[in-house]
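Geometric and topological summary
The primary structure of each chain is shown beneath.
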Amino acid sequence: MSILTLENVVKNYDKHRAVDDVSFSVPKGSIYGLLGPNGAGKTSLIRIITTITRADSGQVYLDGEKLNTDHPGQIGYMPEERGLYKKMKVGEQLMYLAQLKGMSKAEAKKNLREWMEKFQILDWWDKKVEELSKGMQQKIQFVATVVHRPKLLILDEPFSGLDPINANLIKDEIYQLNQEGISIIFSTHRMEQVEEICEYITLINKGKNVLNGKVADVKQQFKQHVFSIGYGGELPAELEQEDLQNSRFTIQEHREQEILVKIDDDAASNALLQFLIQKGVHIRSFHEILPTLNEIFIRQVRG
Amino acid sequence: MNKLWLIIQREFLVRVKKKSFILTTLLTPLAFGLLMIVPPLIGGMGDNGSKRIAVLDESGIVMERDAGGKVIAPISDSKSLNFKAVTGPLSTLQKGYGEMGYDGIVYIPQVPNADAPVRAQYFSDGQLSLGDKRAIEDKIEKKFESRKIKDAGFDDKILEKFSADVALTQKQISVDEDGNIVEKEKKNGAEIATAMGFVMALIIYIILIVYGMQVMRSVMEEKMNRIVEVVISSVKPFQLMLGKILGVSAVGILQLTIWIILIPLVAVGAQLVFGVDPAQSQSMSGDLSAAEQEEVTEMAFGIVNSLAEQDWSFIIPVFLVYFLGGYFIYASLFAAVGSAVGDDLGESQTLTFPIMIPVILAISFMGPVIDNPDGSLAFWLSMIPFFSPILMPARLPFDPPLWEVLLSGGILIVSALFFIWLAGRIYRVGILMYGKKVSFKEIGKWLFSKE
């Protein structure tokens, strides 16, 4: 089951095509990475999902239903550019935003108190937002995003501007919410975070969906059969010569007691290991090097 | 609907709770009170009560004396002027009037006869107020007039018999279906209607500008704050805009209502506590004879009467329609501009200018329209929704034909709805547009862009 499905979504602005035939689906309960360089069309896509704008063509389904006006209350969205009413008190503001999402007054108050207690910010209730630091405002913004218990949470660069401690706090909350069954779309161009957090990714470039799938599968798909071999003692001289005559092995990098070898064919890894053992090389480690998402990202975007 | 209500509530409460709102709402009536109390008070201070004035009359007409030199018909005193006939050479008086306890000397030179022009002079170290000067002139004139009448062989008592009292009363009539002449009972002075027209038009003008600007600033603030993206992921942009316009209009109505209640209260309070009569403080001086006092009272009574005779059950609802209609048109335009500009203040000025032009034009047309409230200029301008919110209320006290009011009001309501819709189209695109300089051409494109 997927919480969100996009089918051939297209969105034009003026003469510029911001979203070009994008399809993907977000499995229920997953953490999904929406990646892409700046200006790729991530925000346009998110605005369609959050019902801020409408697709020119194509379909969007939330939890099996065509996107409709009831859905905003089931989605939590934290835009990249954070914003709160500066002159409003924290409590009033959160109550307002929660009620706009369709919560009753009592319900909103109860949930807000729980969240604020959790973040130990309950005593900010009567403070004006402008009196708080930027990090504090981020916490308020996060509470505003999740207070109505959305089915789907869309976080656009959630860690930008957070110090490591608060970033970890939010990260733990994201895991916690995900454990409780909330599906999360995580839009970013910070690849190390995606690798750490997301199970699935979609890569958008120039409005097009260039890559889809499980992070592990994508890595397999883009691996270049590079193996790292740690060894003791001396490498046989023949290896280099062998290498020259036999194009199946290419030493990519020679480090201290370690070589990176690229093989033409994945299946040949055993043959390589066998060859080295025959030559009496003392093997300490042998493992495949998978490309980082960052590498895949750069390769896809440039290519 | 529920969400729209939430937005209206927030927009209303945020503004009403502001210190600046509470201050302006309460201070404006107080300022009114001060305007009424202070000038007479200051005037009174300068006067030190009433002025004592020595009258040196060499003509023998103003301070007529009998054979023994006793003054038999002195000019009458008034509240702020006290006259005393004196004799003696002018130069002695000029040197010593202060020590003798006078504030100044009125000198009337000898005249060959009562027909000759009178060149009276006033000597003092201070200045007479305009009202006092006029009062002294008046009193001397009266004396000369009655002397002339006497010289002509009449008793001046007889003159009163010749005086006539003429008033032109306007009666509006129409002929009903049966051919009977139906007279509208109305003694409405044209002056009062003019004043009322001006006041109502000005109120609407001020509200359009002040609250329209508030809507614009608030839209700009939300856009710059980026809160707008959070809010419109919960509600439609149109709802947010409409809620803001409605919320701000409620603030305007509240403020207006408070003023309408407080200003008369402050006026009455000032009268009770300081003994200042607002009608009197408006006239240049407190120096009025009993007869003049009566005239003022009569006039004030006339104003009250004529105000009471206005058809308020008609004027108030119609005023409200124009107030709201005009506000909706201009507030939506201001909202659209606010959404388009973002944080560039210079740009917002360029874009607000075209909105201000019709407002300013309407104000400048107000004079000609009130001068000729049934003319064709008045008619056609009342049909243009940019002008009618200001010009139709100005015409209301002159009883414009009902069909004109209905037509102009209808056009206004339809246009207001149209402009709200139009602004909504611009707004929904504008608030999501950052870092792009907007032109009118660009805004025109937004109108037709898809959601």
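A brief look at the structure comes next. (Residues numbered from 1 in each chain as written. Chains lettered and ligands numbered in written order. Predicted model: local features only at pLDDT ≥ 70, side-chain atom pairs only at ≥ 80, totals over all residues. Heavy atoms only, no water.)

**As for the side chain of Gln99 of chain A**
Looking at the secondary structure, you find Gln99 of chain A in helix H2 (residues 90-100). For Gln99 of chain A, a relative accessible area of 16% puts it in the buried group. Aside from chain neighbours lying at most four places away, what touches Gln99 of chain A is Lys105 of chain A together with Leu6 of chain B. (Helix = DSSP H or I, 4+ residues; strand = E, 2+ residues; numbered from the N terminus. Buried < 20%, exposed > 50% of the residue type's maximum accessible area, 1.4 Å probe, protein only. Contact = heavy atoms within 4.5 Å.)

**Let's talk about the packing of aromatic side chains**
A complete count under the given rule lists 17 aromatic pairs over all chains for this structure. Taking 5.4 Å as the distance between ring centres and 55° as the angle between the ring planes, the aromatic pair formed by Phe386 of chain B and Phe419 of chain B counts as tilted. Linking Phe386 of chain B in the loop between helix H13 (376-383) and helix H14 (388-395) with Phe419 of chain B in helix H15 (residues 402-430), this pair joins segments that are 33 residues apart in sequence. A relative accessible area of 13% places Phe419 of chain B in the buried class. The rings of Tyr330, Phe386, Phe418, Phe419 and Trp421 of chain B are connected pair by pair, giving a single aromatic cluster. Here the basic side chain of Arg10 of chain B rests over the ring of Tyr85 of chain A, its NZ or CZ set 3.6 Å away from the ring centre. (Phe/Tyr/Trp six-rings, centres within 6.5 Å; stacked < 30°, edge-to-face > 60°. Lys NZ or Arg CZ within 6 Å of the ring centre and 35° of its normal.)

**A short note on helix H6 (residues 190-225) of chain B**
Between its first and last C-alpha atoms H6 of chain B spans 52 Å; for 36 residues at 1.5 Å apiece the expected length is 52 Å, and the two agree. In the stretch just after H6 of chain B, Arg226 of chain B is the one whose phi turns positive, near 70°. (Expected span 1.5 Å × (residues − 1).)

**Some remarks on the sheet that holds strand E6 (residues 121-123) of chain B**
Residues and elements named next belong to chain B. Taken together, four strands build an open sheet; the order of strands is E4-E1-E5-E6 and the sheet is mixed. Here the strands that pair on one side only, and so sit at the sheet edges, are strand E4 (81-86) and E6. Put simply, the sheet's adjacent strands are angled 25° from each other on average, direction ignored. Strand direction decides the pairing type here: strand E1 (residues 51-57) and strand E5 (residues 104-108), joined by five bridges, are parallel. Paired with Val55 across the two strands is Val106, which belongs to E5. Each of E1, E4 and E5 touches helix H4 (residues 130-151); the most contacted strand, E4, lies at about 50° to it. (Pairing = 2+ DSSP bridges. Axes fitted to C-alpha atoms, helices over the stretch in contact; angles between N-to-C directions.)

**Details of the packing of H15 of chain B against helix H16 (residues 440-448) of chain B**
All names here are of chain B. Relative to each other, H15 and H16 sit at 105°, their axes nearing to 8 Å. Relative to H16, H15 is oriented roughly perpendicular. Across the interface between the two elements, Leu422, Arg425, Ile426, Arg428, Val429 and Gly430 of H15 pack against Ile443, Trp446, Leu447 and Phe448 of H16. Looking at side-chain class alone, the contact of H15 with H16 contains seven nonpolar, one polar and two charged residues. (Parallel < 35°, antiparallel > 145°, perpendicular 65-115°, else oblique. Nonpolar A, V, L, I, M, F, W, Y, C, P; charged D, E, K, R; others polar.)

**Some details on the sheet that holds strand E2 (residues 16-27) of chain A**
Residues and elements named next belong to chain A. With antiparallel pairing, four strands are arranged side by side in an open sheet as E2-E1-E4-E5. Each of the sheet's edge strands pairs with one partner strand only, and the pair in question is E2 and strand E5 (65-66). Relative to strand E4 (residues 57-62), strand E1 (residues 2-13) runs antiparallel, the two sharing five bridges. Within E4, the residue paired with Val10 across the bridge is Ser57. Against the sheet, helix H1 (residues 42-49) touches E1, E2 and E4, its axis set at about 120° to E1.

**Considerations on the interface of chain B and chain A**
With 22 residues of chain B at the contact, the number on the chain A side is 29 residues. Counting across the interface, chain B meets chain A through two salt bridges. Between Arg47 of chain A and Glu229 of chain B there is a salt bridge whose closest N-O contact spans 3.2 Å. On the surface where chain B and chain A come into contact, there are eight residue pairs in polar contact (both at pLDDT 80 or more). At five residues, helix H1 (residues 2-16) of chain B tops the list of elements feeding residues into the side of chain B that touches chain A. (Salt bridge = Lys/Arg side-chain N within 4 Å of Asp/Glu carboxyl O. Polar contact = N/O pair within 3.5 Å; in protein donor to acceptor, adjacent residues only side chain to side chain.)

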